[in-house]
Amino acid sequence: MKGVQGQTQGQGKHWDPVCGKQLETPEGQPSSEYKKRRYFFCSERCRHTFERQAERFRLNELARVGALMTPGRVRWGLA
């Protein structure tokens, strides 16, 4: 799918943005596209939760990536 990115971290692993569960293969799993990005979910319940609050999940993801990748900043979220 050109122009659509998966919710991936590492070697082709996909993560449910709602519950954080790792999905081995996203094929056949519920999915949703938001702002030209494809998100995969472990269940229809997680997909429905995401669709009701998609912008909140997207902003949390951007904040997490920004905090982890900004040099000289506190790296919260890492143990």
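In this text the structure is predicted, and so the values were computed from the model without any measurement. (Residues numbered from 1 in each chain as written. Predicted model: local features only at pLDDT ≥ 70, side-chain atom pairs only at ≥ 80, totals over all residues. Heavy atoms only, no water.)

**Student:** So what's going on with the overall build of the chain? Which residues, and what values?
**Tutor:** Secondary structure assignment for the chain yields 2 helices and 5 strands. In the chain, the order of α-helices and β-strands from amino to carboxyl end is β-β-β-β-β-α-α. Counting only residues that meet the buried cut, the chain has 24% of its 79 residues in that class. The contacts of the chain with a sequence gap of at least 6 include a subset with a gap of at least 24, amounting to 34%. Of the roughly 5800 Å² that the chain leaves accessible, carbon and sulfur atoms contribute 51%. (Helix = DSSP H or I, 4+ residues; strand = E, 2+ residues; numbered from the N terminus. Buried < 20%, exposed > 50% of the residue type's maximum accessible area, 1.4 Å probe, protein only. Contact = heavy atoms within 4.5 Å. Areas by Shrake-Rupley, 256 points an atom, 1.4 Å probe, with all protein chains shown as cover.)

**Student:** Go over the environment of Ala54 with me, naming the residues and quoting the values.
**Tutor:** By the secondary structure assignment, Ala54 is in helix H2 (residues 54–69). What makes Ala54 buried here is its relative accessible area of 7%.

**Student:** Give me the packing of aromatic side chains: which residues, what numbers.
**Tutor:** Within this structure, the stated rule accounts for 4 aromatic pairs. Ring plane angle 50 degrees and centroid distance 5.2 Å describe the contact between Phe41 and Phe50, whose orientation is recorded as tilted. Residue Phe41 shares its accessibility class with Phe50, and that shared class is buried. Within the aromatic cluster, the residues linked to one another by ring pairs are Tyr34, Tyr39, Phe41, Phe50 and Phe57. Over the ring of Phe57 we find Arg56, and its NZ or CZ is 4.8 Å from the ring centre. (Phe/Tyr/Trp six-rings, centres within 6.5 Å; stacked < 30°, edge-to-face > 60°. Lys NZ or Arg CZ within 6 Å of the ring centre and 35° of its normal.)

**Student:** Kindly report on the pairing of strand E4 (residues 31–34), identifying the contributing residues and their values.
**Tutor:** Bridging between E4 and strand E5 (residues 37–40) involves 4 bridges; their strand directions are antiparallel. Paired with Ser31 across the bridge in E5 is Phe40. (Pairing = 2+ DSSP bridges.)

**Student:** Residues and numbers for the nonpolar core, please.
**Tutor:** Core analysis: the largest hydrophobic core is formed by 6 residues, namely Tyr39, Phe41, Cys46, Phe50, Ala54 and Phe57. Contributing elements (two or more residues each) for this core: helix H1 (44–52) and H2. (Core = buried A, V, L, I, M, F, W, Y, C linked by side-chain atoms within 4.5 Å.)

**Student:** Help me get a handle on H1, residues and values and all.
**Tutor:** Among the residues of H1, those classed as buried are Cys46, Thr49 and Phe50. Along the long axis of H1, the arc covered by the buried residues comes to 100 degrees, so they all point the same way. Exposed side chains of H1 directed beyond 90 degrees from the buried face belong to Arg45 and Arg52. (Arc of directions from axis to C-beta.)

Note that every value here comes from positions in space, so none of it alone points to a role or purpose.
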